[in-house]
Amino acid sequence: MPSPSPKCYNQLSSSPHTMNTSKLPFHLLLLISTFFSPVFLSDTIAATELCNPIDKQALLDIKQSLGNPRILRTWDQNTDCCGGWFLVLCKSDTNRVWFLKVLYSHHVFGQISPAIGNLTHLEVLNFSKLPHLSGTLPHTLANLKKLYSLWVSYTNISGPIPEFLSQMTNLTDLFLTGNQFTGSVPPSLVQLTKLETLHLDKNKLTGAIPANYGSFARNILYLTLAGNQLTGPIPKSFANGNFSTLDLSRNKLTGDASFLFPNPNVFEIDINRNLLSFDLSKVKKFNSVLNHIDISFNNIYGNIPKSLTELTGLQYLNVTYNNLCGPIPTGGTLQNFNETSYFHNKCLCGAPLPACK
C-alpha cells in the first residue's frame, strides 16, 4: 500500500478538536496563554473560594499539629475548606467554620493546636475517640465565645481541667469523659449559666466535690463525676441540686447520701461503688418521678423503706452488696426486679429473695 501523501498525513494526524494556533492573532494567543497560566488559575480559585482565609489557615495548622492524619486528607491548601473538607461545616450566610469534629481515629498523633482559638465562629467542637491525642487543652479555647458544645472525650489529654473553661459562657454541653485529667474538680464551672450537661467522668480527678455544685443556674440534665478518685462527703447542697441525672459512682465518697432521694428535680441517682454509709430506713420520702436507683457496693444498712413502693415508674433498682436487712416491702414495682437487684446483703429476705424466717 502506498504511503499517504504529506497532505493526507497532516489530515490524519490532526484532531478535529485541535486548535491551529499558528493562524491566531497575537493578542488572542496572549489572552489564551494568560488564562491557562498557573498564576491566573490560582487567582481565579482564590477569587471564588468561600472559606475565610483565617479559618483555612487555622484548620491547616490543626491538621499539622495532629500529624497530618489520613482522616484529614481532604484538607488541602488548594481546595475550598467550605467546599468538601471532611468533618468541617461552614455557615451558608457567613462562610465561617462553625462545626469541627475529629473522631474515631488511631492515626491522629499530637496535640490540639493553639490555632483552634482562631476559629472564632465555632459553635460545635468535638475531639473524641482519639487515643493518641495528647497534651493539654490549649488556653486559646477561651477565644471561642460562640461555642455551645465542647466534646473532648476518650483521648490521652492530661493535666488539670482548665479554669478558663468558665469563661466560655455560651457552653450548654461540656463532655470531658475518658481522658487523663488530674487535680480537683473546678468549682468555677458553676459560672456557666447556660450549662445543661456536664460530664467529667472516667478521669483521674481527686479531692472533694465542690460544695457549690448543687447550685447550677439552670437544670443540669446530666451531671456525672463517675469513675474518678473523689473523696469526702457528697455536698449537702445536692439535696436541692438542679439536675435530672446524678452519677457519682465509682469514686471513694464517704458519709451520708440519704438526702439525695427526696430531691424534687432528680430522675436518676447512681452512687454505686463508693464508701457511703447511712441508714436507708431513715429515707421517708423518695422523689415520685425517680426511675433509676443504684446504691450497690457501699456500706448502707437498715431496711428498705416502704415508701419505695410508691415509685410506680421505677425502671432500675440495684441495692446489692450492702448491709441491708429485713423483708423487702411488697407493692409497687419492687417485685418486678429479680434477685440480682437485692442479693449479697446482710439479711434481706422476701420475694424475689427467699422467704423471711
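These numbers come from a predicted model, not from an experiment.

It is worth spelling out the overall build of the protein chain at this point. Scanning the protein chain for helices and strands turns up four helices and 22 strands. When the 357 residues of the protein chain are sorted by exposure, 47% land in the buried category. If you take every contact in the protein chain between residues at least 6 apart in sequence, the share linking residues at least 24 apart comes to 46%. Only carbon and sulfur atoms are counted for the fraction: they give 57% of the accessible area of the protein chain, which is about 17,700 Å².

Time to look at the sheet that holds strand β2 (residues 97-103). Reading across the sheet, the 11 strands line up as β1-β2-β4-β6-β8-β10-β12-β14-β16-β18-β20 and stay open at both edges, with mixed pairing between neighbours. Taken across any chain shown, the strands that pair with only one partner, and hence form the sheet edges, are β1 (88-90) and β20 (316-318). Pairwise comparison of adjacent strand axes, ignoring direction, gives a mean angle of 10° for this sheet. Relative to strand β4 (residues 124-130), β2 is paired through five bridges, and the arrangement is parallel.

Turning to the nonpolar core, a few remarks are in order. Residues Leu100, Ile116, Tyr213 and Phe238 are the most contacted members of the largest nonpolar core, which totals 93 residues. The dominant element in this core, judged by the number of residues it contributes, is helix α4 (residues 53-65), at four residues. Ignoring any residue separated from it by four or fewer positions in sequence, one finds Leu100 in contact with Leu59, Ile62, Trp75, Leu87, Val88, Ile116, Leu119, Leu122, Val124, Leu125 and Asn126.

In terms of strand pairing, strand β7 (residues 158-160) meets strand β9 (residues 180-183) through three bridges, oriented parallel. Across the sheet, the residue bridging to Gly159 is Phe181, located in β9. Strand direction decides the pairing type here: β9 and strand β11 (residues 204-207), joined by two bridges, are parallel. Paired with Thr182 across the two strands is Lys204, which belongs to β11.

Now for unusual backbone geometry. Look at the link from Ala351 to Pro352: it is a cis peptide, with omega at 10°. Structurally, Pro352 can be placed in the segment after β22 (347-349). Phi angles above zero are rare outside glycine, and Asn68 is one such case at about 50°. Relative to the helices and strands, Asn68 is located in the loop between α4 and β1.

To continue, consider the confidence of the model for the protein chain. In this model, the protein chain carries a mean pLDDT of 89, and residues with pLDDT of at least 70 account for 87%. In the model, residues 26-45 has pLDDT below 50 throughout and makes nine contacts with residues more than four positions away in sequence or in other chains.

Enumeration over the complete set of coordinates arrives at four disulfides. Each disulfide pairs two cysteine sulfurs, and for Cys82 the partner residue is Cys90, the sulfurs being separated by 2.1 Å. What sets the handedness of the Cys82 and Cys90 disulfide is the S-S torsion sign, and at about -85° it is left-handed. For Cys325, the disulfide goes to Cys347, at an S-S distance of 1.2 Å.

Here we come to the pattern of salt bridges. Going through the model one piece at a time under the given rule, you end up with five salt bridges. A salt bridge links Lys91 to Glu123, with the nearest nitrogen and oxygen atoms 3.4 Å apart. Remark: Glu123 occurs in the loop between β3 (110-111) and β4 and Lys91 occurs in the loop between β1 and β2; sequence separation between them is 32 residues. Its relative accessible area of 31% is what places Lys91 among the partly exposed residues. Ionic pairing is found between Lys236 and Asp256, a salt bridge with its closest N-O pair at 3.9 Å.

With parallel pairing, three strands are arranged side by side in an open sheet as β19-β21-β22. The open sheet has two edge strands, β19 (301-302) and β22, and neither has a second partner. The pairing of strand β21 (residues 323-327) with β22 spans three bridges and is classified as parallel. Bridged to Pro327 within β22 is Cys349.

Time to look at the packing of aromatic side chains. For the structure on display, the rule yields eight aromatic pairs. What links up through ring pairs into an aromatic cluster is the set Phe297, Tyr321 and Phe343. When the ring centre of Trp98 is taken as origin, the NZ or CZ atom of Lys91, which lies over that ring, is 5.2 Å away. Here the guanidinium or amino end of Lys129 rests over the ring plane of Tyr154, the centre of that ring lying 5.5 Å away.

Moving on, we get to the environment of Phe164. Tracing the sequence through the fold places Phe164 in the loop between β7 and β8 (173-175). For Phe164, a relative accessible area of 13% translates into the label buried. For the pair formed by Phe164 and Leu137, sequence separation is 27 residues and the distance between their alpha carbons is 10.0 Å. In this view, Phe164 contacts Leu137, Pro138, His139, Leu141 and Ala142; residues no more than four positions away in its chain are not counted.

Rules behind the numbers
For every chain, the first residue of the written sequence is number 1, and numbering continues from 1 onward in sequence order. Totals for whole chains, interfaces and linings use all residues, but because this is a predicted model, local features are given only for residues with pLDDT of at least 70 and pairs of side-chain atoms are given and counted only at 80 or more. With hydrogens and water set aside, each side-chain value is computed from the structure's full complement of heavy atoms. Each helix corresponds to a stretch of at least 4 residues labelled H or I by DSSP, and each strand to a stretch of at least 2 residues labelled E; elements are numbered beginning at the N terminus. When a residue's accessible area, from a 1.4 Å probe over protein chains only, is under 20% of the maximum for its type it is buried; when over 50% it is exposed; and in between it is partly exposed. The contact criterion used is simple: two residues touch if any of their non-hydrogen atoms lie within 4.5 Å. For the accessible areas, the method is Shrake-Rupley and the probe is 1.4 Å, while residue cover comes only from the protein chains on display. Two strands are counted as paired when DSSP detects at least two bridges linking them. Axes, fitted as lines to C-alpha atoms, cover a helix only where it is in contact. Angles between the N-to-C directions of the axes lie from 0 to 180 degrees. Definition used in this section: a nonpolar core is a set of buried Ala, Val, Leu, Ile, Met, Phe, Trp, Tyr and Cys residues joined via side-chain atoms within 4.5 Å. What pLDDT conveys is the predictor's confidence in a given residue, as a value from 0 to 100. Pairs of cysteine sulfur atoms within 2.5 Å are identified as disulfides in what follows. A side-chain nitrogen of Lys or Arg and a carboxyl oxygen of Asp or Glu constitute a salt bridge if their distance falls within 4 Å. Planes of paired rings set the category: under 30 degrees apart is stacked, over 60 is edge-to-face and the rest tilted, where pairs are Phe, Tyr or Trp rings (Trp by its six-membered ring) whose centres lie within 6.5 Å. Whether a charge sits over a ring depends on NZ of Lys or CZ of Arg being within 6 Å of the ring centre and within 35 degrees of the ring normal.

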